[in-house]
Amino acid sequence: MRFPLVALGGAAVMAAVMGVGRFAYTPILPAMHTQAELSAANAGFLATLNFAGYMLATLWPLLARRLGAAPGPKTTLRFGLATCFAATVGMALTETVALWGALRFISGFASALSMIYATTMVLDALARSKRSGAAAIHFSGVGVGITVSGLMVLLFEHLQIGWRGMWFGAAAIIALLVPVALMTVARRTPRAAATSAPATAPRQAAMARGRNPWWLVAAYACAGLGFIVSGTFLPLIAKQTPATAPYAAFCWVIVGMAAIPSNVLWAWVAGRAGATVSLVLQYALQALAVALPIFWQTPLALLVGGLLLGGTFMGIVTVASARARDIAPQRTAEILALMTACYSVGQIIGPPMAGMIATHTGSFDGGLAIAAGTMVLGIILLLMDHASAMQTR
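Nothing here was measured: the structure is a model prediction, and the numbers come from that model. (Residues numbered from 1 in each chain as written. Predicted model: local features only at pLDDT ≥ 70, side-chain atom pairs only at ≥ 80, totals over all residues. Heavy atoms only, no water.)

**Examining the nonpolar core**
Okay, so step 1: Counting residues in each nonpolar core, the largest one holds 117 residues, and the members touching the most others are Y25, M32, W167, F233, Y283 and F364.
Okay, so step 2: In terms of residue count, the dominant contributor to this core is helix α10 (residues 214–239) (15 residues).
Okay, so step 3: Not counting residues within four places of it along the chain, the set of residues in contact with Y25 comprises M32, L38, A43, L46, A47, R104, W167 and T232. (Core = buried A, V, L, I, M, F, W, Y, C linked by side-chain atoms within 4.5 Å. Buried < 20%, exposed > 50% of the residue type's maximum accessible area, 1.4 Å probe, protein only. Helix = DSSP H or I, 4+ residues; strand = E, 2+ residues; numbered from the N terminus. Contact = heavy atoms within 4.5 Å.)

In structure tokens form, the structure reads like this:
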């Protein structure tokens, strides 16, 4: 059986727009902080604008259906890839916080748009060829992009190339990935994959209403805030700690490497022990990863924290999405859109909150404590979701 090239192309999209376009900001941030004098508060502001753009893009498929004459998925994907590349280049060409903010907003919108349409087309193509299990290749691209961009920053630091060069390097990585995406996803997937609204909606509406999804939605929102404080500031936190400063960029490489196989691992745990067990374990491990820099500031702690953070954030997305399908099979698209929006709200709140606390106290400990506590709250909500499910049986 032939290797599913469309899944490889999907991984290239996810690596370009998510692993690099969205998350390269994290390992480059320490250089911007020291060389371009970007404050912690403004750094959080830029991250928030990126996530706001991401959130806005999640509404585009619904708007596109209403417009009727919206561009097709392949055209939209090409636009998203080109815009993400241009916004990444633009980060190196200015030193104005306002322009950086506009570029990060545009990048967030383009990243989410590309991710949504690429995922729709790839999953549809894999289902048609009876290779749905290869979806793990597609989602692994996020971790690949994080790893490659982290290694690029490590190399550039060694070569004493500054923050501008790092952004140009990130853009070069995207440029190398785009042809792979265009030659696979855009050329090999059928146009029918564009339909983001289920064709069987009337039939699905006649099905049972399913269980209440609100506990899961609330728990997923907690994961958004719980992850993003470390997901934005981890290398900067490491850089500001003498014992871990030499390993600041390397820790982000560890996050990416751990993320690559994580969705497969946690989906396997969910299949054996149930979605609730898988999610509770991930929330607990991620809370530990977020809290580690508060009380344990050594290179080993940085390694452990990076492994735990990278090894859970993509797994949570995978298992929670499957859980949503189980809870409300006739409203899956609606619930997933709501979950993504709530996750984005948590990501919008987290960076400026942590950045302002760090600016006023000189430490990220307060923001990390809030993020870890939010993950603990998420565990409670997951248990409430499980209890609700038991009552409906």
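Next comes the rest of the account.
**Quick notes on the packing of helix α2 (residues 25–35) against helix α3 (residues 40–58)**
In a pair of packed helices, the angle between the axes and the distance between the axes together describe the arrangement.
Okay, so step 1: Two elements in contact, α2 and α3, have axes separated by 11 Å at closest approach and are oriented at 150°. By the angle between their directions, the pair α2 and α3 is classed as roughly antiparallel. The handedness of the crossing between α2 and α3 is right-handed. Contacts between α2 and α3 involve Y25, L29 and H33 from the first element and A40, A43, L46 and A47 from the second.
Okay, so step 2: Residues of the contact of α2 with α3, tallied by class, amount to six nonpolar, one polar and no charged. (Axes fitted to C-alpha atoms, helices over the stretch in contact; angles between N-to-C directions. Parallel < 35°, antiparallel > 145°, perpendicular 65-115°, else oblique. Left-handed = near helix turned anticlockwise from the far one by under 90°. Nonpolar A, V, L, I, M, F, W, Y, C, P; charged D, E, K, R; others polar.)

**Comments concerning the pattern of salt bridges**
Okay, so step 1: On inspection of all chains with the given rule, the structure shows three salt bridges.
Okay, so step 2: One salt bridge connects E95 with R164, and the closest N-O pair in it is separated by 2.4 Å. Separated by 69 residues along the polypeptide, E95 in the loop between α5 (73–91) and α6 (97–128) and R164 in helix α8 (residues 163–188) bring together distant segments of the chain.
Okay, so step 3: One salt bridge in this structure joins R323 and D385, with 2.8 Å as the shortest N-O distance. Placement of R323 in helix α14 (residues 299–327) and of D385 in helix α16 (residues 365–391) is noted, with a sequence separation of 62 residues between them.
Okay, so step 4: Overall, R323 belongs to the buried group, its relative accessible area being 9%.
Okay, so step 5: Judged by relative accessible area, D385 falls into the buried class, the value being 3%. (Salt bridge = Lys/Arg side-chain N within 4 Å of Asp/Glu carboxyl O.)

**With respect to empty space enclosed by the protein**
Okay, so step 1: Tallied over the full model, the rule gives two cavities of 30 Å³ or more.
Okay, so step 2: Taken as a whole, the largest cavity encloses approximately 150 Å³ of empty space.
Okay, so step 3: What lines the largest cavity is a set of 16 residues, among which L234, P293, W296, A301 and L302 lie closest to the centre.
Okay, so step 4: Class assignment for the residues of the lining of the largest cavity results in ten nonpolar, six polar and no charged. (1 Å grid on protein atoms, 1.4 Å probe; cavity = no way out; pocket = protein on both sides within 12 Å on 5 of 7 lines; lining within 4 Å. Points joined across faces, edges and corners; volume = space filled by probe spheres on them.)

**Brief notes about the environment of A24**
Okay, so step 1: Mapping A24 onto the fold places it in the loop between α1 (5–20) and α2.
Okay, so step 2: Here the alpha-carbon distance between A24 and S149, two residues 125 residues apart in the chain, equals 5.9 Å.
Okay, so step 3: Residues contacting A24, with those up to four places away along its chain left out, are G19, S149 and A170.

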